[in-house]
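Each chain, letter by letter, is given below.
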Amino acid sequence: MKISGVDIRPGNILEHEGGIWKVGKIQHTQPGKGGAFMQVEMKNLEDGRKTNIRYRSQDTVEKVRLDTKDFQFLFADGESFVFMDEENFEQITIAAKLLGDEAAFLQDGMQVTLEMYDERPISVQLPDHIEATIVEADAVVKGQTASSSYKPAILDNGVRVMVPPHISSGTRIVVDVYAKEYVRKAD
């Protein structure tokens, strides 16, 4: 689907120079002289390269439609992860770099959504929140109650998050996967 250069929004997937690119940041600029343009920062979803492109309002760009499919995480295999299609039970192996930092939050049997382009996985969407156990939490410093003070804690997957003072080691909490923040105590 073709869209105008000024209709590009963050999160759009575009076809550019024969590759698939995800829009990160945009900036609409109207100089005093000349036509308006959109400055677009994009990341290649296949090899991770980044680029900045200027699109004028008369330019058109191809917006890519991605198919989404539900998968279940099975296990980690070195530098890759194995997922199972929930419809036909076929297994698919995905490189660890496709998940990035969110890979630490994968749990056995977790339901994820894969975005596919031409039957090739482009990105993996994890649930927004997961439950994790705190394995190490710093002691509370007395007298720091004037403001809402948080203390560092390490989860069972090795990720470091800031938690309220009343949370201690061994506590199960709910964590926001993408912001890497404490949400609440688990039920």
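First, a word on scope: everything that follows refers to the structure included in this document. (Residues numbered from 1 in each chain as written. Predicted model: local features only at pLDDT ≥ 70, side-chain atom pairs only at ≥ 80, totals over all residues. Heavy atoms only, no water.)

Quick notes on the overall build of the protein chain
Definition in use: We count a stretch as a helix when DSSP gives it H or I for four or more residues in a row; a strand needs E for two or more, and each element gets its number in order from the N terminus. Throughout, the radius of gyration refers to the C-alpha atoms, and the reference size of a globule is 2.2 Å times the residue count to the power 0.38. Each residue's exposure class comes from its accessible area (1.4 Å probe, protein chains only) as a fraction of the maximum for that residue type: buried when under 20%, exposed when over 50%, partly exposed otherwise.
A count of helical and extended segments in the protein chain gives zero helices and 16 strands. In terms of overall size, the protein chain is more extended than a compact globule, its C-alpha atoms giving a radius of gyration of 21 Å where 187 residues would be expected to give roughly 16 Å. With the C-alpha coordinates of the protein chain rotated into their principal frame, the extents come out at 60 × 50 × 25 Å. The buried share of the protein chain, taken over its 187 residues, is 36%.

A closer look at the nonpolar core
Where we set the bar: We define the nonpolar core as a collection of buried residues of types Ala, Val, Leu, Ile, Met, Phe, Trp, Tyr and Cys that are connected through side-chain atoms lying within 4.5 Å of one another. Residue contacts are defined here by distance: any two heavy atoms, one from each residue, within 4.5 Å place the two residues in contact.
Grouped together as the largest cluster of nonpolar side chains are 30 residues, with contacts concentrated most on F83, L106, V112, L126, L155 and I173. The contacts of L155, once residues within four sequence positions are left out, are F105, A132, T133, I134, V135, V161, I173 and V175.

Looking at the packing of aromatic side chains
Let me state the cut-off plainly: In this analysis, rings of Phe, Tyr and Trp, with Trp reduced to its six-membered ring, are considered paired at centre separations within 6.5 Å, and the interplanar angle assigns stacked below 30 degrees, edge-to-face beyond 60, and tilted for intermediate values.
As enumerated under the stated definition, the model contains two aromatic pairs in all. One aromatic cluster in this structure is built from F73, F81 and F83.

Thoughts on the pairing of strand 9 (residues 91-95)
Stated formally: Any two strands between which DSSP finds at least two bridges are classified as paired.
By the alternation rule, side chains of strand 9 split into I92 and I94, which are all buried, and Q91, T93 and A95, of which none is buried. Here five bridges tie strand 8 (residues 80-85) to strand 9, and the two strands are oriented antiparallel to one another. The residue bridging F83 from the neighbouring strand is I92, located in strand 9. What sits between strand 8 and strand 9 in their antiparallel hairpin is a turn of five residues, with F89 showing a positive phi close to 65°.

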